[in-house]
Structure formats: C-alpha cells, structure tokens
Amino acid sequence: MGGGEDRNGSGGGRPTSKDVARRAGVSHTAVSFVFNGRAEGNLSPATQERIRVAAAELGYRPDPVARGLRRRRTAVIGLVTDEIASSPFAGRLLRGAMETAWDQDHLVLTIDSGGDPAKEDAAVAELLDRRVDGIIYAAMSLRRVRVPEGLHRTHSVLANCLPEDDSLPAVVPAERAGGRTAARLLLDAGHRRIAMVGGQDDIASVERLRGFRDALRAAGVTLPKEWVVRSGGEIVAGYEGAARLLEGVAPRQRPTGVFCYNDRVAAGVLHAATRLGIAVPEELSVIGYDDQEHMAAFLAPPLTSVGLPHRAMGEAAARLLLDTIDTGRTPPATVRRLACPVVSRSSVGPAPTR
C-alpha cells in the first residue's frame, strides 16, 4: 500500500495528456495532434483510436483554458439578451445554446440587459474586454433590433430577432409557415368557417396572419374581414375577441375554428367559450401558438398549439457561431428560419356537422 501512483499514473490528480501518451504507448505530440484537430495526415486511424480509448479509460479531457491560450481563444462565448428574467421561453433558448457550446468545450457567459440600449452596449463592451470568442444577441420576442455597439467587432449571430441594418446572420422561427400549419390543421379537421383572434402589428403577428391566409386561400376558403380580430396578445384580448365573434351569433353563422395569436389569447377564447356555453372542441376548435410552458397543457381542454423552436434557435445560433469561430470565416448576413412544430392536444376536433 506504498506511495506509488494511482492507476492513471498522475499521482491522484487530474489525468494529463502525458498520462494518455503513456497509456497509449505514443508520443506526447501524437496526443496533442488528436486533441488539437491535427491528426489527419499525421497519424494512422488505428493510432488515433488507441489514443482516444486511452483518454476515455483515464477520464481525460483537454484543458480548454490552456488550449484556448495556444489558439488565442478563451473557450467562452457571450450571450446578451433583452429579458431573460421575464420571458417564459428564455430557459429553452439558453439551454440550447449552453449545451451546444458545452459539447464543443465552450462556456456561455450570459448578460440580461433588460432591453436598455445603453446596457446592451455596455454588456457587449464588457464581453469584448473579456475577450470572448464570439457573441450571440437574443431577443425574447421576434422583432427587428438595433445592433448593439461593438457587436461587429467580433464573431456575432442574432437569435429570435432580425438586425435593422441586415448586417449579421440571424436564426428565427418560420412564423409564416407556422401560420400555414395552424390553418391546415383546422382545414384537415373539416373546418371551413375559421377566424383568427389576437395579435398586433409586430413581425410575428403579420407573418402568422400571412401564412394563415395563404393556407385558406389555397383551400378556396374565404376569410371574412370581420373574422380577423387584432385585439392584442393577452388573455383579455382573447376573451374580448372571442366574445365579438361568438356572442349572440347563431351556431351556423359563427366560426367553428379559431386560430389564436398565442396561447394567452387562446386561454381567453376558451374562457369566453365556457361562459357562452360553447363546447370545445365539439362546437368550437381552438389552436394556440407558442406552446407556452406550464400553460398550454394545463388549460381546459389542453391546448393544441404551434410550438416556437426556442431550444432549436439556441442550438442553431451557437452552432453557427462556433463554426464561424473555428473557420475564421464570417458567414453571410442571411436569415435561417426554423420550423414551428405542432403540439397536438385536445382543443381541436372535427368540424360540427350542423
């Protein structure tokens, strides 16, 4: 039981690349080649595999700080956002970005600006002072944004927002396609009297309505002007909008399906239907948008909703940023639109026959 080394050969400390070299029976340089991405052309596939097996057996992970110093990088990316604390969707986007970065040996340093432009500029300046490898700027609701000062001085990507000057790549939801998806879901259930409730003049409202109209037009369904009720984005907007469409209207004259701007609006529509004695989904089908966590699944009935791809946006933005950092090539200022998947629950049913 003497004072010899433990099984990883490092005296009980964190295993080093030299330990891996000894275990694999190769030079220290060979190990460095494998973990610095220079093995191809320098080492045979069999040698590379032997080194990776030895590293796995020892539990060896390359030191990101030391590797970053050699490559003049910090292995940290910044994420500046406007309202992490107040948005129900922030966690999904952050998890997507953080886990993608972690898989590539990067940490994410996050700053919430509260939507204050001066704080955003200061946040970017602070991240630049800390020499982060790149920055993601994320908004919690889709909109055009002023690009914070300093963002063009490093590798940068936008998530869930578009730059006012079209100067940076962005990853956003495919809102127009989401509107088409919602309309088709109702059309496929046999509905032909379909209304839309909620929304304003923001990008998401405009795009969702545009896609909604696209699908109805393609199906030869007319959307009466008075059946588009742009009443806002809160529960009260859904309640008041639904009352305007449904109260005092004979069953054969009112919509049998309602597409809502978001899940809060849908909650208001469901409340109005309950007060008016209209059964959902037997007499009225309701579809929301956002698939809001801790809400959509707990309404009565549970709400069918078009989900926003917040996690996927975080993943895609981080992947794009890390690829840019690795290659050193600035990607074109293009917009990547991610699909909005339907989450089916119980609020959509076949169109009533009477």
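Up top you'll find the structure we're talking about.
Residues numbered from 1 in each chain as written. Predicted model: local features only at pLDDT ≥ 70, side-chain atom pairs only at ≥ 80, totals over all residues. Heavy atoms only, no water.

With respect to the sheet that holds strand β14 (residues 342-343)
Think of a sheet as strands paired side by side through backbone hydrogen bonds, with each pair either parallel or antiparallel.
Then, number 1: Read from one edge of the open sheet, 6 strands run β9-β8-β10-β11-β12-β14, paired in mixed fashion. The sheet terminates laterally at β9 (228-229) and β14, the two strands that pair on one side only.
Then, number 2: Contacting β8 (194-197), β10 (257-260), β11 (285-290) and β12 (304-307), helix α10 (residues 263-275) crosses the sheet at an angle of about 155° to β11. (Pairing = 2+ DSSP bridges. Helix = DSSP H or I, 4+ residues; strand = E, 2+ residues; numbered from the N terminus. Contact = heavy atoms within 4.5 Å. Axes fitted to C-alpha atoms, helices over the stretch in contact; angles between N-to-C directions.)

Comments concerning the sheet that holds strand β2 (residues 107-112)
Then, number 1: One open sheet accounts for 6 strands, arranged β2-β1-β3-β5-β7-β13; its pairing is parallel. Sheet topology places β2 and β13 (335-338) at the edges, where each strand pairs with a single neighbour. Shown here is a sheet whose adjacent strand axes are inclined to one another by a mean of 20°, direction ignored.
Then, number 2: As paired strands, strand β1 (residues 76-81) and β2 are joined by 6 bridges and run parallel to one another. Across the sheet, residue Gly78 finds its bridge partner in β2, namely Leu109.

Observations regarding the packing of aromatic side chains
Then, number 1: A full pass over the atoms with the stated rule returns 2 aromatic pairs.
Then, number 2: When the centroid spacing of 5.3 Å and the interplanar angle of 40° are considered together, the rings of Phe212 and Phe259 count as tilted. One end of the pair, Phe212, is in helix α8 (residues 203-218); the other, Phe259, is in strand β10, with 47 residues separating them in the sequence. As far as the burial class goes, Phe212 and Phe259 line up, both buried.
Then, number 3: Where Phe259 meets Tyr289, the ring centres are 6.1 Å apart and the plane angle is 50°; that geometry is what we call tilted. (Phe/Tyr/Trp six-rings, centres within 6.5 Å; stacked < 30°, edge-to-face > 60°. Buried < 20%, exposed > 50% of the residue type's maximum accessible area, 1.4 Å probe, protein only.)

Quick word on helix α5 (residues 90-103)
Then, number 1: With 14 residues, α5 should reach 20 Å at 1.5 Å per residue; the first-to-last C-alpha distance of 20 Å fits that figure.
Then, number 2: Taken together, the buried positions of α5 are Ala90, Arg92, Leu93, Leu94, Gly96, Ala97, Thr100 and Ala101.
Then, number 3: Following α5 by one or two positions, Asp105 adopts a phi angle in the positive range, close to 60°. (Expected span 1.5 Å × (residues − 1).)

What to know about the packing of α5 against helix α11 (residues 310-327)
Then, number 1: At a minimum axis separation of 6 Å, α5 and α11 run at an interaxial angle of 35°. Once α5 is placed against α11, the crossing between them reads as right-handed. Each of Arg92, Leu93, Arg95, Gly96, Ala97, Glu99, Thr100 and Ala101 in α5 lies in contact with α11, whose residues at this interface are His310, Arg311, Gly314, Glu315, Ala318, Arg319 and Leu322.
Then, number 2: Across the contact of α5 with α11, the residue classes break down as 5 nonpolar, 4 polar and 6 charged. (Left-handed = near helix turned anticlockwise from the far one by under 90°. Nonpolar A, V, L, I, M, F, W, Y, C, P; charged D, E, K, R; others polar.)

So, the environment of Val197
Then, number 1: Position of Val197 among the secondary structure elements: in strand β8.
Then, number 2: By relative accessible area, Val197 is classed as buried at 0%.

A few points about the pattern of salt bridges
Then, number 1: Counting across every chain of the model gives 20 salt bridges.
Then, number 2: In this structure, Asp214 engages Arg176 in a salt bridge whose closest nitrogen and oxygen atoms are separated by 2.8 Å. One end of the pair, Asp214, is in helix α8; the other, Arg176, is in helix α7 (residues 175-188), with 38 residues separating them in the sequence.
Then, number 3: We classify Arg176 as partly exposed; its relative accessible area is 33%.
Then, number 4: Note that Arg180 and Asp214 form a salt bridge whose closest N and O atoms lie 3.2 Å from each other. You can see Arg180 sitting in helix α7 and its partner Asp214 sitting in helix α8, a full 34 residues away along the chain.
Then, number 5: Assessed through its relative accessible area of 24%, Arg180 is described here as partly exposed.
Then, number 6: Overall, the relative accessible area of 17% leaves Asp214 in the buried class.
Then, number 7: A cluster of three or more residues bridged by salt bridges with shared partners is formed by Arg176, Arg180, Asp214 and Arg217. (Salt bridge = Lys/Arg side-chain N within 4 Å of Asp/Glu carboxyl O.)

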